[in-house]
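Geometric and topological summary
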Amino acid sequence: MLTAGLVMIVAIAAAIFAATTRNIVHAIFALAISLGAIALAFLILKSPFVAAMEVLIYIGGISVAMVFAVMLSSVGKSAPSEGMTRRLGAGFAAIAFFAGVAAVLIGADLDGLPVPETSAEAWSVQQIGRDLLDRFNVVFELLSVVLLLAILGAVTIASRNDGHDEASSGNAGAGLGARMPDEMRPGDSAASVNPASPASAAPSASDASRSEEARA
Amino acid sequence: MMLTGWLLFSLALFSIGLYAVLARRNLIAILIGIELMLNGASVNFLAFNAYLSKDPAVGQIAVLFVIGLAAAEAAIALSIILAVYRSRNAIDVAGLDELKG
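Residues numbered from 1 in each chain as written. Chains lettered and ligands numbered in written order. Predicted model: local features only at pLDDT ≥ 70, side-chain atom pairs only at ≥ 80, totals over all residues.

1. Considering the packing of helix 1 (residues 3–23) of chain B against helix 2 (residues 27–52) of chain B
Residues and elements named next belong to chain B. Closest axis-to-axis distance for the helix 1/helix 2 pair is 7 Å, and the angle between their directions is 165°. Relative to helix 2, the element helix 1 lies roughly antiparallel. Helix-helix and strand crossings are classified by hand; for helix 1 and helix 2 the assignment is left-handed. The class makeup of the residues in the contact of helix 1 with helix 2 is 21 nonpolar, six polar and no charged. (Axes fitted to C-alpha atoms, helices over the stretch in contact; angles between N-to-C directions. Helix = DSSP H or I, 4+ residues; strand = E, 2+ residues; numbered from the N terminus. Parallel < 35°, antiparallel > 145°, perpendicular 65-115°, else oblique. Left-handed = near helix turned anticlockwise from the far one by under 90°. Nonpolar A, V, L, I, M, F, W, Y, C, P; charged D, E, K, R; others polar.)

2. Regarding the nonpolar core
General note: in soluble globular proteins, nonpolar side chains tend to be found buried as a group. Counting residues in each nonpolar core, the largest one holds 76 residues, and the members touching the most others are L13, A20, I28, I32, L46 and I81 of chain B. Of all the elements in the fold, those that place two or more residues in this core are helix 1 (2–20), helix 2 (24–44), helix 3 (48–73), helix 4 (84–108) and helix 6 (137–158) of chain A together with helix 1, helix 2 and helix 3 (56–88) of chain B. Excluding its chain neighbours within four sequence positions, the residues that come into contact with I81 of chain B are A69 and S73 of chain A together with L27, I28 and I91 of chain B. (Core = buried A, V, L, I, M, F, W, Y, C linked by C-beta atoms within 7 Å. Buried ≥ 20, exposed ≤ 12 C-beta atoms within 10 Å, placed from the backbone. Contact = placed C-beta atoms within 7 Å.)

3. Here we look at the interface of chain B and chain A
Contact residues are listed per partner, giving 64 residues for chain B and 76 residues for chain A. Here the element with the most residues in the side of chain B that touches chain A is helix 3 of chain B; it accounts for 26 residues.

So, in structure tokens, the structure goes:
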């Protein structure tokens with residue numbers, strides 16, 4: 001009980017800091033702390049496997065990807081300040097939403113409902129795996145397709161050159177990126193997936209033309 | 001800790017995320033707000049799962065699906081943010097009123 005309250009306080013305080021601080025890097029670290037506290041909350045709610053996935057995917061994946069996005073776009077320094085009316089309006093909307101739903105929740109008196117009997121086996125990770133590949137197999141496979149499409153979409157969007165020379169964006173991006181460290185080049189991950197042999201065996205004439213492009 | 005406490009906790013997380021989405025102008029800050037809202041929904045799922053479910057694997061699997069979709073959404077959103085930054089040199093939502101890249 002005490003642990004649960006502590007976890008909630010840490011998660012909410014870190015979330016408020018993440019939502020209000022001007023510095024975007026601080027906001028990402030506060031989000032990571034909040035997500036860690038939420039993972040502990042999942043542990044208290046008897047779901048250790050979900051807590052592990054929360055730590056792995058959210059803290060280890062999404063937060064780190066956000067930090068990389070900030071480093072690639074150098075927007076941490078130039079955070080614009082929001083207007084006071086905008087903050088007041090958003091705060092009013094959020095507090096009104098909280099108050100309305102909280103009134104419904106407290107009025108519903110859910111604590112009086114009987115807790116159904118469940119066996120220890122129903123809580124096991126084995127049961128999750130069995131259900132995931134049996135009852136929810138279609139959803140599971142659909143989610144894998146969604147993730148594949150998300151990866152392809154992310155690579156396509158990020159590796160697109162702005163405007164000229166769409167066709168050779170992959171190789172040219174790798175060639176330009178080595179010379180222009182200031183250039184945004186998230187497409188390099190896509191370019192480096194390509195076999196390196198054509199790029200390294202490319203005649204130096206095309207290399208020279210590329211460097212001319214860079215100067216132009 | 002009873003069920004209502006956990007539900008209020010998830011509601012607070014969701015409201016904080018809602019505030020971040022409405023108030024912030026930085027695209028990454030808006031993405032942080034969306035992650036907070038998704039986590040509030042996940043806590044809600046697991047709270048009902050822990051207290052009222054006869055079949056506790058179902059709620060956990062729902063949360064796993066939410067986490068997977070959040071990962072896909074974050075990957076797409078971050079690549080869009082990088083593309084926006086490349087074309088406009090800023091990630092302020094105030095100037096983003098055209099569809100053409």
